[in-house]
Amino acid sequence: MSHLSALPVLVPFLAGPLLVAVGFFAPRWFDDSLATLAALAVTTLCVLLAVHAAPHPYAYWMGGWRPQHGVAIGISLSIDVTGAGLAAFAGVLVTAALVYSLRYFDAIEGLFHGLMLLFMAGMVGFALTGDLFNLVVFFEVMSAAAFALTAYRIEERAPIQGALNFAITNSIAGYAMFIAVGLLYARTGALNMAQIGAALSSHHADPLVIVAMTLLFLGFLTKAAAVPLHFWLADAHAVAPVPVCVLFSGVMVELGVYAVARLYWVVFAGPLAPHAAAVRAIFVGLGVVTALLGAAMCFLQRHIKRLLAFSTISHVGMLLCGVALLSGQGLSGVAVYVVGHGLTKAALFMCAGVLLHRFATIDEYELHGRGREVPVVGGLMAVGALLLAGIPPFTTFMGKSLLEAASSALPGYGWLIAVYIVVSAMTGGAVLRVAGRVFLGWGPAEGPHPEQARAAQERVDEERGPRGHTPVLMVLVPALLLVGVLVLGLIPGAVPGTERYVHQFVAHGNYPAWVLHGARVALPHVAPSHISAEDYAYGAISAVGAVLAAGLGLFGRPLRESLPARLRRSGQNAVGVVRGLHNGHIGDYIAWWSAGVSLIGGICLIALH
Amino acid sequence: MTRRVRLGLFLVAGAGLAVVLLLGFGGLPSFGHAHELDGAVVNLDEPTLRHATDVVTALNFDLRAFDTLGEEFILFASVTGVALLLRTLRQEEEEDQEITPGIEDHRFAGASDGVKLTSLLLIPLLIAFGAYLVFHGQLTPGGGFQGGVVLAAGPIAVLLAGRYLSMKRIAPKRLLEVSDALGAAAYGLIGLGGLIFTGVYLEDPLPLGVSGQLLSAGMMPLNSIAVGLEVTGAFLLTWTQFFDQTLVGPPSGS
């Protein structure tokens, strides 16, 4: 079975060029079926690899260049259940996005399908590789395809601008990471993550290691859209075609968080062990800021794709908190939550896609009450909103409960539970508000900032405007994804199993043993976390909070107007300032990026030395 | 943010970033004291175990062949992206049809006879040199990436000679797309040969030959050709896409 290890990357690398080469004469059904089959094959292969790695993880050495005396000179895929599982999850979402696109728009000469497959190859390689340089290479594969897919609708200006902001910000992040790879290579003479980790583990963290860590973490957190490196994300999501947004929010952003977790436990956990408390404080802080700013911005949007994008930023903040707790339980919560959130968010973007396809706009107020034509989609959106809010007892709730348990297990971090509740309630509430206004016609039909309505107009196809029908597939696919969220977390053994594999992931002492020496490392025994009555209470509070927030958004205008004028004005000013920061100006974004990196780099240098 | 605020923020942040980076760079080994483990291994292994005399190519196509696969596809994805973004919209297609019949060749006709003659003389030289670089990848400095760029310069010389439409006839878009895609896929397929015949992806199943001969070092010559094919197609495709935007179509003034 391990013979097949390279195929999940290779299959899309072969099918992608084929689609591009024959695209100009191949019929549409050929593109669709080849791309979907390739995506399905990759998903299956990744599942097989995860099953194969379940008893003990293993390394696959490209070209047969096995390490000699523990020294790796070749490139390895270091395959464990967490990495292969994440790759399989990416495969599932790519498959879903391709099936959804069958009836969504007129794809162009195989280029769309080809780029989607290259994007998938980048994500899968990223999740499987065990080599630091190779990780950055696959980051770039992913990026190159993602930039082009963002700018897909070239007949308008906005997609080009959104894609440029995305490309420039992420390329700078790429440079930062290459500098960090150079630093670590100069120090250790190694590129394999296991070997770098082994070489660093016997030393203290000095400025070189700390700077390398900061650049790598913040580089990947640029992809993950942590504040203040996040500005590109909303711009890119607002303009990218819906099937592409599904992948951005559903898995690409989460891969950034995955890379941070992998690098921490494999490379930096050794030298930074004496400073774990400081690392935790710094990155939990970053996560909280991201979670709260994202939630606030999410609630302020009327452009539905932007709203969903900010909700992704907010949930990434939660995930970052979970990783930064630096505990196996926290990371288990992250793993479960990534699946629950990814499927939910993918389904919500697909619902937004139905609205775009049908009405050629994605503005909440323009669509007031018009959604009554497609009530099923409204139902899906409401279910998605409640799942986003972490309603018990489904997958997102399971993940959130683990995060809560991990937070209260650490002295001084119990307050994070309040952050999770606020994030869940506000993002879920914002989506519920949209569902109420669009599908039920609740609340006023005119909202603040009417000038934003124009930016929300979008044609799915170059030549076609609004359409009078909705293909069944475009409703079926998001419905299936939501069923996944409802069911997966409740499968007996799913969550405890995830916990065991994640505890294997965080056992950083074992990693070099199985990667460099081929040792068979057994799966650790972990007592499964229990979901307590408190967790159900927190889940209920989040869900009720979401309903209340939605109600406030729909019917709260009289309440807001009854506030004292001064309070109202200062509130509006604060909102105006935060909004004004997200102005689409790439110069601003880079200034903020530099400020964020120098600030966090400075704090790390002072606190961890 | 106003221009001034932005500049101020960036100056402060950039200075901070520079300090952070310099503190990190302070930990680098001093000049001449780099870790030489990898270098020693590569210098030792590649000529003896793989019969390659150009160690840089050997590193790219053997030890780090999987990185090269990824890099090939960064290039391929970028070029496919360019093709996607610079595609002709249906609306533009109609506009083009009104204008194209008037164009005999292109608007880059201002070159002097000297430039035209030199360009024509350069064409065979560029192609010969590019092919040399591609075919001698494992022997002397060069290889598919470098040779591909030189090969792509050949048709560009046709453009410099004042014949853009001739260049497009020699290297039509479809052909370039196919060569780009074929080269990228071929590299992956060569590695698959390793999986089928030795059981490990990217492992070398071919006889290694005699060091220094044209056909030596196993798969490396094939890899070099695949990369050369892709790079030639990729560069020409990108250039012609951009030329199409500026040289053909309505004059920029109207």
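These figures come from a predicted structure and were not determined experimentally.

Lay out the overall build of chain B in plain terms, naming residues and giving numbers.
Assigned secondary structure in chain B consists of 10 helices and zero strands. Along its sequence from the N terminus, chain B presents helices and strands in the succession α-α-α-α-α-α-α-α-α-α. Split into buried and exposed, the 254 residues of chain B put 42% on the buried side. Across chain B, contacts joining residues at least 24 apart in sequence account for 73% of those joining residues at least 6 apart.

Before we move on, could you go through the overall build of chain A and cite the residues and values that matter?
Secondary structure summary: chain A contains 24 helices and two strands in total. Relative to the 2.2 N^0.38 estimate, which gives 25 Å for 609 residues, the radius of gyration of chain A is 23 Å and therefore close to what a compact globule would have. Across its three principal directions, the C-alpha atoms of chain A cover 70 × 60 × 50 Å. Counting only residues that meet the buried cut, chain A has 64% of its 609 residues in that class. For chain A, the proportion of contacts with a sequence separation of at least 24, taken over those separated by at least 6, is 83%.

I'd like to hear about the confidence of the model for chain B, residue by residue, with values.
Residue and element names in this part refer to chain B. Confidence along chain B averages 85 in pLDDT terms, with 88% of residues attaining 70 or more. Summarising per-element confidence for chain B, the mean pLDDT is lowest in helix 5 (residues 90–99) (58) and highest in helix 1 (residues 3–25) (95). Taken over the whole predicted complex, pTM reads 0.95, whereas the ipTM for its chain interfaces reads 0.94.

Explain the pairing of strand 2 (residues 76–79) of chain A to me, and be specific about the residues and the numbers.
All names here are of chain A. Every second residue of strand 2 is oriented toward a common face, with Ser 76 and Ser 78 on one face and Leu 77 and Ile 79 on the other, all of them buried. Both strand 1 (residues 58–61) and strand 2 contribute to a ladder of four bridges, which runs antiparallel. Looking across to strand 2, one finds that Trp 61 is bridged to Ser 76.

Summarise the interface of chain A and chain B; cite the residues concerned and give the values.
Of the residues lining the interface, 61 residues belong to chain A; the matching set on chain B comes to 58 residues. Of all the secondary-structure elements, those providing two or more residues to the side of chain A that touches chain B are helix 1 (7–22), helix 4 (111–128), helix 5 (132–150), helix 6 (157–188), helix 8 (207–223) and helix 24 (586–607) of chain A. Of all the elements, helix 24 of chain A adds the most residues to the side of chain A that touches chain B, at 11 residues. Each residue belonging to the side of chain A that touches chain B can be placed in one class, and the counts come to 41 nonpolar, 13 polar and seven charged.

Describe unusual backbone geometry, listing the residues and the values that go with them.
A cis geometry characterises the amide bond from A:Val227 onward to A:Pro228, with omega recorded as 0 degrees. Note on placement: A:Pro228 falls in the loop between helix 8 and helix 9 (231–239). With an omega of 0 degrees, the peptide bond running from A:Pro392 to A:Pro393 counts as cis. Residue B:Leu202 is not a glycine yet carries a positive backbone phi of 75 degrees. Looking at the element boundaries, B:Leu202 is found in the loop between helix 9 (173–198) and helix 10 (220–246). The class of B:Leu202 is buried, set by 31 C-beta atoms lying within 10 Å.

How would you sum up helix 8 of chain A? Please name residues and give values.
The end-to-end C-alpha separation of helix 8 of chain A is 24 Å, in line with the 24 Å expected for 17 residues at 1.5 Å each. Along helix 8 of chain A, 16 of the 17 residues are buried, which leaves the element largely enclosed by surrounding structure.

Residues and numbers for the packing of helix 14 (residues 375–388) of chain A against helix 16 (residues 416–440) of chain A, please.
Residues and elements named next belong to chain A. It is at 8 Å that the axes of helix 14 and helix 16 come closest, and there the two elements cross at 170 degrees. On the basis of their axis angle, the class for helix 14 and helix 16 is roughly antiparallel. For helix 14 against helix 16, the interelement crossing comes out left-handed. Counting all contacts with helix 14, which are made through Pro 375, Gly 378, Met 381, Ala 382, Gly 384, Ala 385, Leu 386 and Leu 388, the residues of helix 16 involved are Ser 424, Thr 427, Gly 428, Val 431, Leu 432, Ala 435 and Phe 439. The residue makeup of the contact of helix 14 with helix 16, split by class, is 10 nonpolar, five polar and no charged.

Mind laying out the environment of A:Ala409, listing which residues take part and the relevant values?
Residues and elements named next belong to chain A. Counting through the fold element by element, Ala 409 comes out in helix 15 (residues 395–409). Ala 409 gets classed as partly exposed once you count the C-beta atoms within 10 Å, which come to 14. It is 41 Å that separates the C-alpha atoms of Ala 409 and Ile 73, two residues lying 336 residues apart in sequence.

Just give me the short version of helix 4 of chain A, but keep the residues and values in it.
Over its 18 residues, helix 4 of chain A runs 26 Å from end to end, which matches the ideal 26 Å to within 8%, given 1.5 Å per residue. By the criterion of burial, helix 4 of chain A is predominantly enclosed, with 18 of the 18 residues buried.

Mind laying out the environment of B:Asp113, listing which residues take part and the relevant values?
Along the chain, B:Asp113 turns up in helix 6 (residues 113–135). The spacing of B:Asp113 and B:Ala40 is 73 residues in sequence and 53 Å in space, taken between C-alpha atoms.

I'd love a proper account of the packing of helix 4 of chain A against helix 10 (residues 242–268) of chain A, names of residues and values included.
All names here are of chain A. Helix 10 packs onto helix 4 with a crossing angle of 30 degrees between their chain directions and a minimal axis gap of 11 Å. If you check the angle between helix 4 and helix 10, you find them roughly parallel. Taken as a pair, helix 4 and helix 10 cross one another with a handedness that is left-handed. Together, Phe 119, Met 123, Phe 126 and Ala 127 of helix 4 and Leu 247, Val 251, Met 252, Leu 255 and Tyr 258 of helix 10 make up the contact between the two elements.

Criteria and cut-off values
- Numbers given for residues are sequential positions, taken from 1 along each chain in its written order.
- Chain letters and ligand numbers both follow the written order, the letters beginning at A and the numbers at 1.
- Local features in a predicted model are, by the rule used here, given only for residues with pLDDT of at least 70; side-chain atom pairs are given and counted only at 80 or more, and totals for whole chains, interfaces and linings are based on all residues.
- Labels follow the DSSP assignment, with helices taken as runs of H or I lasting at least four residues and strands as runs of E lasting at least two, numbered in each case from the N terminus.
- With C-beta atoms placed from the backbone, a residue is buried if 20 or more other C-beta atoms are within 10 Å of its own, exposed if 12 or fewer are, and partly exposed between those counts.
- What counts as a contact here is a pair of residues whose C-beta atoms, placed from the backbone, lie within 7 Å.
- Radius of gyration: C-alpha atoms only; globule rule: 2.2 Å multiplied by the number of residues to the exponent 0.38.
- A residue's pLDDT is the predictor's confidence in that residue, given on a scale from 0 to 100.
- Two strands are counted as paired when DSSP detects at least two bridges linking them.
- Basically, the charged four are Asp, Glu, Lys and Arg, the nonpolar ten are Ala, Val, Leu, Ile, Met, Phe, Trp, Tyr, Cys and Pro, and anything else, Gly included, counts as polar.
- By this rule, a helix spans an expected 1.5 Å times one less than how many residues it contains.
- Only the stretch in contact is used when a helix axis is fitted, and all axes are lines through C-alpha atoms; the angle between N-to-C directions ranges over 0 to 180 degrees.
- Relative orientations are named as follows: roughly parallel for angles under 35 degrees, roughly antiparallel for angles over 145 degrees, roughly perpendicular for angles from 65 to 115 degrees, and oblique for any other angle.
- Crossings are classed by handedness, with left-handed meaning an anticlockwise turn of the near helix from the far one by less than a right angle and right-handed meaning a clockwise turn.

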